[in-house]
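Listed below are the residues making up each chain.
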Amino acid sequence: MRNSDSLSGFPLLHDYQLEEMWRTPQPIRQSQRKRGREGWNWRQRVQYAIGHALNEYFGMEVEVRREVPVQYVLEKWWPKQSNSFESLFHYWDVKNKVSGELSKICALNNDLLVPVMLYEQFCTAVPELEVDISLIIQAAWQQSEQADSLLIQKYMVDYNPNVISTFQHLTNVFCYYAFGALPQLIEVYCLLEGKKVRFLPGSASLQQSMDYVRLLKDSREDMHGMAERCRCRGCMGQQGSQQNRANKDKKEEREAKNCRDRSFGPTLFS
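What counts as what
Residues numbered from 1 in each chain as written. Predicted model: local features only at pLDDT ≥ 70, side-chain atom pairs only at ≥ 80, totals over all residues. Heavy atoms only, no water. Helix = DSSP H or I, 4+ residues; strand = E, 2+ residues; numbered from the N terminus. Buried < 20%, exposed > 50% of the residue type's maximum accessible area, 1.4 Å probe, protein only. Contact = heavy atoms within 4.5 Å. Areas by Shrake-Rupley, 256 points an atom, 1.4 Å probe, with all protein chains shown as cover. Core = buried A, V, L, I, M, F, W, Y, C linked by side-chain atoms within 4.5 Å. Polar contact = N/O pair within 3.5 Å; in protein donor to acceptor, adjacent residues only side chain to side chain. Pairing = 2+ DSSP bridges. Axes fitted to C-alpha atoms, helices over the stretch in contact; angles between N-to-C directions. Parallel < 35°, antiparallel > 145°, perpendicular 65-115°, else oblique. Left-handed = near helix turned anticlockwise from the far one by under 90°. Nonpolar A, V, L, I, M, F, W, Y, C, P; charged D, E, K, R; others polar.

## Description of the overall build of the protein
Helix and strand counts for the protein stand at nine helices and six strands. A buried classification covers 41% of the 270 residues belonging to the protein. For the protein, long-range pairs separated by at least 24 residues make up 67% of all intrachain contacts whose partners lie at least 6 apart in sequence. Summed over all atoms, the accessible surface of the protein reaches about 15800 Å², with 49% contributed by carbon and sulfur.

Shown next as structure tokens:
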């Protein structure tokens, strides 16, 4: 396991690229993107604030953390301008919901002490699939000395089932090959909805996760070229419909031409 890009020569799956693919079915072309944070939408800005706030908060000494409200830390990182939000009301609505939900989560997780991994990016090879997985672990907690006692948490702005499923399967495969065991528990917090999704990985879930990652790897060329086109379900359906229409048009054109040829034939040779 390394916290850098892979050197194995296998295709590399980045979790954040997959998340962007699910959230942006028809992504902007690379030439049209604005550089850096200038081109971020409101969700990306909020996710950035959440990540840095929790990194700072969970990085405090336990005694200090229990005395400092997480809202205070979040305020330091929250976007100062509302121009990327839908409206000023949307700006304050998102802020109040995220701040309140983080406060509840931190109160419920008050028994968690020192994270063993905190907002770090790791890479591990999966030789069986000939692929490398690059995963950002927002927060991981060791609940006992056993390798299979990891609690891994992800904090999302809003609920997206495709992003959650991808994170679940990538995490399963990553932990098995990096640590030799599946995590004990995976928790995903969707802050705007106040929703928590929990997974209890088991022996059967590993094979499901391997199959899922294999599909991701098989479509890696499309993911690497996602700035040009997307292979998500919605876009695949659109592409299929367009192709079917094009084929139908060609077929009708051929039939019309054959009809014209047949109608002209007797006249030419009579």
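Structure shown, so let's carry the discussion forward.
## Things to note about the nonpolar core
Judged by nonpolar contacts, the single largest core of 33 residues is most densely connected at Ile133, Ile137, Val188 and Val213. Of all the secondary structure elements, the ones that give two or more residues to this core are α1 (15–23), β2 (117–126), β3 (131–142), β4 (150–156), α6 (161–179), β5 (185–190), β6 (195–199) and α7 (203–218). Broken down by element, this core gets its largest block of residues, seven residues, from α6. Apart from residues no more than four positions distant in its own chain, Ile137 is found in contact with Met117, Leu118, Tyr119, Glu120, Phe122, Ile152 and Phe174. Counting 31 residues, the second-largest nonpolar core is a separate cluster that includes Trp78, Ile105, Leu151 and Val157.

## Digging into the environment of Pro161
Mapped onto the fold, Pro161 is located in helix α6. Sequence separation between Pro161 and Trp22 is 139 residues; the distance between their C-alpha atoms is 9.4 Å.

## Here we look at the side chain of Glu187
Mapped onto the elements, Glu187 comes out in strand β5. Looking at Glu187, its side chain comes within polar contact range of the side chain of Gln153, at 3.1 Å.

## Considerations on the side chain of His169
Within the secondary structure, His169 sits in helix α6. Judged by its relative accessible area of 11%, His169 is buried. Beyond its immediate chain neighbours, meaning those up to four positions away, His169 contacts Gln208, Ser209, Tyr212 and Val213.

## Brief notes about the pairing of β3
Burial analysis of β3 places 10 of its 12 residues in the buried class, which makes it a mostly covered element. Examined bridge by bridge, strand β1 (residues 12–14) and β3 share three bridges and lie parallel to one another. Bridge pairing in β3 places Leu12 opposite Asp132. The hairpin formed by β2 and β3 contains four residues between the paired strands, and Glu130 there has a positive phi angle of roughly 55°. Pairing between β3 and β4: four bridges, direction antiparallel. Directly across from Trp141, in β4, lies its bridge partner Leu151.

## A word on the packing of helix α2 (residues 42–58) against helix α5 (residues 88–108)
Two elements in contact, α2 and α5, have axes whose closest approach is 12 Å; the angle formed by their N-to-C orientations is 30°. On the basis of their axis angle, the class for α2 and α5 is roughly parallel. At the point where α2 passes α5, the crossing takes the right-handed sense. Contact with α2, carried on its side by Trp42, Val46, Ile50, Leu54 and Tyr57, involves His90, Val94, Val98, Leu102 and Cys106 of α5 and no other residues of that element. Counted by class, the contact of α2 with α5 contains nine nonpolar, one polar and no charged residues.

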